[in-house]
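Geometric and topological summary
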Amino acid sequence: MTRRTRRRLLVLAVLIAVGVASASWWSSRRTPPWFAPPPPSESRGERAWQVERRFAEEFSKVRADAPLWGLRIRESDLNVWLADRLRPWVEHRGRWPEQLGDVQVHLTPDTVVLGVELLDLDTVAFLEGVPVKAKDGSISLRWTAAGIGRLRIPWPEARVRSAILGRFGDGELAEFGALLDGVSVPGAIPLPDGRVVSV
């Protein structure tokens, strides 16, 4: 191999490396297509309140000797509530971390994808996981993938999870963060009248 050929191969390798790095950076700055928090508006606020009221009504409704009932949670309803009510709910009890923006979820038949806007990095980090129900009925999330923007990262998802948890702090969002850290939550919710709601 001549010196000229080696030089050309070196230049080609550098160009490929720069191209891959540029494409990765560009993908990491792009917002995932499913991460689209509805903008603040009166209709968004009203819909979020409707979602919250519906949950409260269904859980408190008296159903003496009634058959089994269910409550379907649509992704759009959940994301409207997260966009409009999560922050006020947290601020009512404590402080919202200044590094965090919107929080949204994307649901598939098998997975849950959680996206968190990281304002200090000007991007969205996401975690993809599978809900796991234990024999005692408790539920946890087993994280299987992670990414930044539209870029799935090759290193362990624990790094992205740690970056998100570090911004949650030790306030009210720490309870929410416990789910990210694999902590189980009860799969059965007891109601005041003795009935139990199974999640």
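In what follows, the structure referred to is the one given above.
Here we summarise the structure given alongside this text. Quick caveat: nothing in here was measured; it's all calculated off a predicted structure.

It is worth spelling out the pattern of salt bridges at this point. In the structure shown here, the tally under the stated rule is six salt bridges. Residue Asp84 is joined to Arg44 by a salt bridge in which the shortest nitrogen-to-oxygen separation is 3.0 Å. Of the two residues, Asp84 sits in helix H3 (residues 75-84) while Arg44 sits in helix H2 (residues 42-60), which places them 40 residues apart along the sequence. Given a relative accessible area of 17%, Asp84 falls into the buried group. What makes Arg44 buried here is its relative accessible area of 12%. Here Arg53 ties to Glu46 by a salt bridge, and the two come within 3.1 Å at their closest N and O atoms. Using a relative accessible area of 38% as the deciding quantity, one classes Arg53 as partly exposed. Take Glu46: its relative accessible area is 38%, and that puts it in the partly exposed class. One connected set of salt bridges, linked through shared partners, spans Arg47, Arg74 and Asp77.

So, on to the environment of Arg87. Mapped onto the elements, Arg87 comes out in helix H4 (residues 86-93). Distance from Arg87 to Val103, taken between C-alpha atoms, is 9.4 Å for residues 16 residues apart in sequence.

Here five strands make up an open sheet; going across it, the order is E1-E2-E3-E4-E5 and the pairing antiparallel. Every interior strand has two partners, whereas the edge strands, strand E1 (100-107) and strand E5 (151-152), have only one. In this sheet, strand E3 (residues 123-133) lies alongside strand E2 (residues 112-118) in antiparallel orientation, the contact comprising seven bridges. Directly across from Glu117, in E3, lies its bridge partner Val124.

Here is what the cut-offs are and how they apply
Residues numbered from 1 in each chain as written. Predicted model: local features only at pLDDT ≥ 70, side-chain atom pairs only at ≥ 80, totals over all residues. Heavy atoms only, no water. Salt bridge = Lys/Arg side-chain N within 4 Å of Asp/Glu carboxyl O. Helix = DSSP H or I, 4+ residues; strand = E, 2+ residues; numbered from the N terminus. Buried < 20%, exposed > 50% of the residue type's maximum accessible area, 1.4 Å probe, protein only. Pairing = 2+ DSSP bridges.

It is worth stressing that arrangement in space is one thing and function is another; only the former is reported here.
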